[in-house]
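Remarks on the overall topology
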Amino acid sequence: MNRRSFLKASMAGCTSMLTPAFSMAQSDDGFFELTAEKGRARLYGKHGGLSDLWLYNGRLPGPDIRVTRGQRVRVRFINKLDEPTSVHWHGIRIDNAMDGVAGLTQPAVKPGESFDYDFVVPDAGTYWYHAHTMSWNQVPRGLAGPLIVEENEPTFDPALDITMMLNDWRLDDNGVLETGSFGARHDLSHAGRLGNWLTINGASMPQIPLQQGRWHRLRLINSSASRVLDIAPSRFGARVMAMDGQSFDAPRDIAGTVRLSPAQRMDLVMRPEETGDIAFETMTGKPFTFATFKVGAATATDRPLSVPPANTLPEPDLETARILPLDMAGGAMGGMRGMMTGRTEDDLRKMMQDGLFWAFNGKAGMDETPMFTAARGETIVLESRNDTAFAHAIHLHGHHFRVLERNGEKLENPDWRDTFTTEPDETVKIAFVADNPGKWLIHCHMLGHAASGMMSWFEVG
Ligand code: C2O
Ligand code: CU
């Protein structure tokens, strides 16, 4: 079914409320239990069929894990799937052994086995967790959930602090998850596996209650495997307060759209002045409404807006920084040519047969050799260049970085990010302090791209 017929059908009025946050069952020894298991859910409202999914604790999305900055988080992860998996805590500056990357930081958790994750969350903000074994196949089947780290002094009334996990699904004519095309070569070598339907917290076209005259915090998380969502906060009266978990000094009015690529988060603040309905849209292509804010009367008086304090992240020292390249090449529409250096046509054909379509610095996929090794505390500047015909969302594990420049122009706000978007032909310069010892992935968060070559790792001594 194409997107247009979906849109028509959707107007038939399938609406549902957001699933409320809930706390997780805790075992006697203080571990939260998180189980990956098969489950089913309706992705296309009550008119759609049931999809076979892989879920955490049987929920879509996985349980809302809410902790407080500095808290120790202990999760006993149990794998009840038929294949190995592991859990990655995206954006958390975590102890390397807890990063959840099968084959790099831990062996994958086999079916029937468990793994204890035990770590401290150093920064407040909006994060998420997801499978990190065969992610291209496991995440778009449902293995993802929000991880919210609250400030020590919560600044918003919990009823006004709303997590919105945005997800893109490829559904068939019955509104059921289409599984036959997982790993399709065309998707891998183009924009990734794009869907034709969007949900928020697993719900189709949800109605989200807001209160008139009160400040809300909306925590947007793009958990899509490949879909970039363009959000225009000013169209619904919101301001941007944080990106990728890191708050700004003050909320910003942003005209136009903000790209929210796979894995990225955006925290918004908003105080609706009137009761009534407000559309929540994605602006990619034609504006498409995929949720409605239902603004009702306030149930309490408002508190003034208090912006959460910024996290303390290590400041890059640009004077002493080591500058390294991050050249992206590959993909359809001419990008593979950029991978020719040092290769024959035969090599290239062989790579494509092996399902490798993309490269960082001329290398497709990863092996025992890291992309670079940093001394602990060293500032690294990555100068990325996108020589492909597609956008990419590049994520560094274990660190946050400042985005300094785009196409040679210094950014007015060199914000902290853990994932940056790069458009075709764009150069982007980022800087970070490599202060977290261990082996860390760097990859495109369009999960099919990562699986077909856009993935490497770096080591911090
Ligand atoms: Cu969201 Cu390699 O991670
Ligand atoms: Cu990519």
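See the structure shown above.
Now for a quick tour of the structure.

**Some details on unusual backbone geometry**
Between Leu60 and Pro61 the backbone carries a cis peptide bond, its omega angle lying at -10°. Summarising the element assignment, Pro61 is placed in the loop between β2 (50-56) and β3 (65-68). A positive phi angle, close to 45°, is found at Met134, a residue other than glycine. By secondary structure assignment, the location of Met134 is in the loop between β7 (125-131) and α2 (135-138). With a relative accessible area of 42%, Met134 lands in the partly exposed category. The backbone of Ala263 shows a phi angle near 85°, a positive value even though the residue is not glycine. Its place among the elements puts Ala263 in the loop between β16 (258-260) and β17 (265-270). On the basis of relative accessible area, Ala263 is assigned to the buried category, the value being 0%.

**Regarding the sheet that holds strand β22 (residues 372-374)**
Spatially, 5 strands are ordered β22-β31-β30-β24-β28 in an open sheet, and the strand pairing comes out mixed. In this open sheet, the two edge strands, each paired with only one partner strand, are β22 and β28 (419-422). Each strand axis lies, on average, 20° off the axis of its neighbour in the sheet, ignoring direction. Across 3 bridges, the pairing between β22 and strand β31 (residues 455-460) is parallel. Bridged to Thr373 within β31 is Glu459.

**Concerning the coordination of the copper ion (ligand 2)**
Protein coordination at the copper ion (ligand 2): the donors are His392 (ND1), Cys444 (SG) and His449 (ND1), at 2.1 Å from the metal. Linear spacing of the donor residues for the copper ion (ligand 2) on their chain is H-x51-C-x4-H. You can see His392 sitting in strand β24 (residues 392-396) and its partner Cys444 sitting in strand β30 (residues 438-444), a full 52 residues away along the chain. In terms of burial, His392 and Cys444 fall into one category: buried.

**Focus: the packing of aromatic side chains**
Enumeration according to the criterion identifies 17 aromatic pairs in this entry. Here Phe236 and Phe280 contribute two aromatic rings whose centre-to-centre distance is 5.4 Å and whose plane-to-plane angle is 70°, an arrangement assigned as edge-to-face. Taken together, the residues span a long stretch of sequence, with Phe236 in the loop between β13 (229-231) and β14 (238-243) and Phe280 in strand β18 (residues 276-282) at a distance of 44 residues. Given the relative accessible area of 5%, Phe236 is considered buried. Judged by relative accessible area, which is 0%, Phe280 ranks as buried. With a centroid separation of 5.2 Å and 45° between ring planes, the pair formed by Phe280 and Phe290 is classed as tilted. Residue Phe280 is located in strand β18, and its partner Phe290 is located in strand β19 (residues 288-296); the two are separated by 10 residues in the primary sequence. On the basis of relative accessibility, which here comes to 0%, the residue Phe290 falls in the buried class. Each residue in the set Tyr44, Trp197, Phe236, Phe280, Phe288, Phe290 and Phe293 is aromatic and connected to the rest through ring pairs, giving one cluster.

**Details of the side chain of Ser247**
As for its placement among the helices and strands, Ser247 is situated in strand β15 (residues 246-252). A relative accessible area of 13% means that Ser247 is categorised as buried. Ignoring any residue separated from it by four or fewer positions in sequence, one finds Ser247 in contact with Met241, Ala242, Pro308, Pro309 and Ala310.

**Overview of the environment of Ala450**
For Ala450, the location among the structural elements is in helix α5 (residues 447-451). Along the primary structure Ala450 and Leu188 are separated by 262 residues, whereas in three dimensions their C-alpha atoms are 8.9 Å apart. In this structure, Ala450 is in contact with His443, Cys444 and Met455, ignoring residues within four places of it in sequence.

**Remarks on the pattern of salt bridges**
This structure, assessed with the given rule, holds 35 salt bridges. The partner of Arg265 in a salt bridge is Asp244, with the nearest N and O atoms 3.6 Å apart. On the criterion of sequence distance, the pair formed by Arg265 in strand β17 and Asp244 in the loop between β14 and β15 is long-range, its members being 21 residues apart. Between Lys410 and Glu405 there is a salt bridge, with its nearest N and O atoms 3.7 Å apart.

**Side note on the sheet that holds β3**
Strand pairing in a sheet takes place through backbone hydrogen bonds and is either antiparallel or parallel in direction. Read across the sheet, 4 strands follow the order β3-β8-β7-β5 without closing on themselves; strand pairing throughout is mixed. Edge strands, defined here as strands with exactly one partner in the open sheet, are β3 and β5 (87-90). Shown here is a sheet whose adjacent strand axes are inclined to one another by a mean of 25°, direction ignored. Relative to β7, β5 runs antiparallel, the two sharing 4 bridges. The residue bridging Trp89 from the neighbouring strand is Tyr129, located in β7.

Cut-offs used in this document
- Residues numbered from 1 in each chain as written.
- Chains lettered and ligands numbered in written order.
- Predicted model: local features only at pLDDT ≥ 70, side-chain atom pairs only at ≥ 80, totals over all residues.
- Heavy atoms only, no water.
- Helix = DSSP H or I, 4+ residues; strand = E, 2+ residues; numbered from the N terminus.
- Buried < 20%, exposed > 50% of the residue type's maximum accessible area, 1.4 Å probe, protein only.
- Pairing = 2+ DSSP bridges.
- Axes fitted to C-alpha atoms, helices over the stretch in contact; angles between N-to-C directions.
- Donors = N, O, S within 2.8 Å, 3.2 Å for Na, K, Ca; no water.
- Phe/Tyr/Trp six-rings, centres within 6.5 Å; stacked < 30°, edge-to-face > 60°.
- Contact = heavy atoms within 4.5 Å.
- Salt bridge = Lys/Arg side-chain N within 4 Å of Asp/Glu carboxyl O.

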